[in-house]
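# An overview of the molecular structure
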Amino acid sequence: MRDLAAVRPFACVRTFAWRHPEWWIVAVSVGAWIVLAARDDRSAHHGADGPLTVAATALMVVAMMSPLVLPTLRHIALTSLWPYRHSMQGIFLVGYVGAWTLLTLALAAATGAAAAIISRALVVAVAGVAATAWQFARRKRRALRRCARTIPLPATGWRAFRDCARFGSVSAASCAATCWGFMTVATAAGHRIGVMALLFVAQLRERTARWYEP
């Protein structure tokens, strides 16, 4: 009986991993949030005192944006050949995070240039007004629906990996059309952990809510 009790938890974990192949993306995102919180403790103005590095930007994208595409990642895993389910998810994330990283760096350059002309507080205020107005736009709802689109992917071969990476970048473009207001506010605020967490919750809620409510 003791041996059976010892094996049962392991069997439950293995069953959970089989049924939810996207589990490791959640773990990576949680780890990214922990690293960002530790960096924010060391610097109250993380990302505001100097230019963002590519690694720091990618870390923020992984923490804030990868959980939003968990349904897409789950779809990729369940429709791929079983031995390739995790690698296909990883390749999708490479395309997704890569595209979002470039966009975030561009936003950081734009908001930094604007803050040099006017004030940082005014840039944050303007970004907040624009993001709020976008939440009530009809195009916002249409862009949000496009984020849930999927495409058929080849099962094996280099074309499968190429198309999966391309699908990741296309999904990032769809997400950018939906979340540009949130990301502009986060970038204008210097990617402070509190602002990022608040905007992440707002994005996650609108992705999981049955009905869209601005």
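The following refers to the structure shown. (Residues numbered from 1 in each chain as written. Predicted model: local features only at pLDDT ≥ 70, side-chain atom pairs only at ≥ 80, totals over all residues. Heavy atoms only, no water.)

### Overview of the packing of aromatic side chains
In plain terms, the rule: Side-chain rings of Phe, Tyr and Trp (the six-membered ring for Trp) are treated as a pair once their centres are within 6.5 Å; stacked means planes under 30 degrees apart, edge-to-face means over 60, and tilted covers the remaining angles. Criterion for a charge above a ring: Arg CZ or Lys NZ at most 6 Å from the ring centre, at most 35 degrees from the ring normal.
Scanning the model with the defined rule gives five aromatic pairs in all. Taken together through their ring pairs, the aromatic side chains of Phe-92, Tyr-96 and Phe-167 make up a single cluster. One cation-aromatic arrangement involves Arg-85 over Trp-82; the distance from NZ or CZ to the ring centre is 3.8 Å.

### As for the nonpolar core
Definition in use: Within this scheme, the nonpolar core is defined by two criteria: the residues are buried Ala, Val, Leu, Ile, Met, Phe, Trp, Tyr or Cys, and they are joined through side-chain atoms within 4.5 Å. Each residue gets one of three labels from its accessible area relative to the maximum for its type: buried under 20%, exposed over 50%, partly exposed in between, using a 1.4 Å probe on protein chains only. A run of H or I in DSSP becomes a helix once it reaches four residues, and a run of E becomes a strand once it reaches two; helices and strands are each numbered from the N terminus. Throughout, a contact is declared for two residues whenever any of their heavy atoms are within 4.5 Å.
By size, the foremost hydrophobic cluster in this structure holds 42 residues, and its most contacted members are Met-64, Met-65, Phe-92, Tyr-96, Trp-100 and Met-196. When residues of this core are traced back to their parent elements, those giving at least two are α2 (23-42), α3 (54-65), α4 (70-79), α5 (85-117), α6 (120-135), α8 (158-188) and α9 (193-208). Not counting residues up to four positions away in its chain, the partners in contact with Phe-92 are Val-69, Thr-72, Leu-73, Ile-76, Cys-164, Phe-167, Gly-168 and Ser-171.

### Remarks on α2
Basically, it comes down to this: Here, expected helix span is obtained from the residue count minus one, scaled by 1.5 Å. What the arc describes is the spread of directions from the helix axis to the C-beta atoms.
The end-to-end C-alpha separation of α2 is 30 Å, in line with the 28 Å expected for 20 residues at 1.5 Å each. Within α2, the full set of buried residues consists of Ile-25, Ser-29, Ala-32, Trp-33, Leu-36 and Asp-40. Down the axis, α2 shows its buried residues gathered within 100° of arc, on one side only. Residues of α2 that are exposed and angled more than 90 degrees away from the buried face: Ile-34, Asp-41 and Arg-42. In this structure, the buried residues of α2 make contact with α3, α4, α5 and α9.

### Observations concerning the layout of surface pockets
Filter applied, for reference: Here a cavity denotes grid points, spaced 1 Å and computed from the protein atoms alone, that fit a 1.4 Å probe unable to get out, and a pocket denotes an open set having protein on both sides within 12 Å along at least 5 of 7 lines; residues with an atom within 4 Å of a point are the lining. Grid points are joined across faces, edges and corners, and a volume is the space filled by probe spheres set on the points. When residues are grouped by polarity, Ala, Val, Leu, Ile, Met, Phe, Trp, Tyr, Cys and Pro land in nonpolar, Asp, Glu, Lys and Arg in charged, and all others, Gly among them, in polar.
Empty space within the largest pocket amounts to approximately 450 Å³. Leu-144, Ala-148, Glu-206, Arg-207 and Thr-208 are the residues nearest the centre of the largest pocket, which is lined by 21 residues in total. In terms of residue count, the dominant contributor to the lining of the largest pocket is α9 (five residues). Here the residues of the lining of the largest pocket sort into 13 nonpolar, three polar and five charged.

### Brief notes about the packing of α4 against α5
We count it as follows: Here the axes come from fitting lines to C-alpha atoms, over the contacting stretch only for helices, and the angles between their N-to-C directions go from 0 to 180 degrees. When describing relative orientation, an angle under 35 degrees is termed roughly parallel and one over 145 degrees roughly antiparallel, while 65 to 115 degrees is termed roughly perpendicular and anything else oblique. In this scheme, a crossing is called left-handed if the near helix is turned counterclockwise away from the far one by less than a right angle; it is called right-handed if the turn is clockwise.
Packing of α4 against α5 brings their axes to within 8 Å, and their N-to-C directions diverge by 140°. If you check the angle between α4 and α5, you find them oblique. α4 and α5 meet at a crossing whose hand is right-handed. Facing Thr-72, Leu-73, Arg-74, Ile-76 and Ala-77 of α4, the residues of α5 in contact are Arg-85, Met-88, Gln-89, Phe-92 and Leu-93. Its residues assigned to classes, the contact of α4 with α5 comprises six nonpolar, two polar and two charged.

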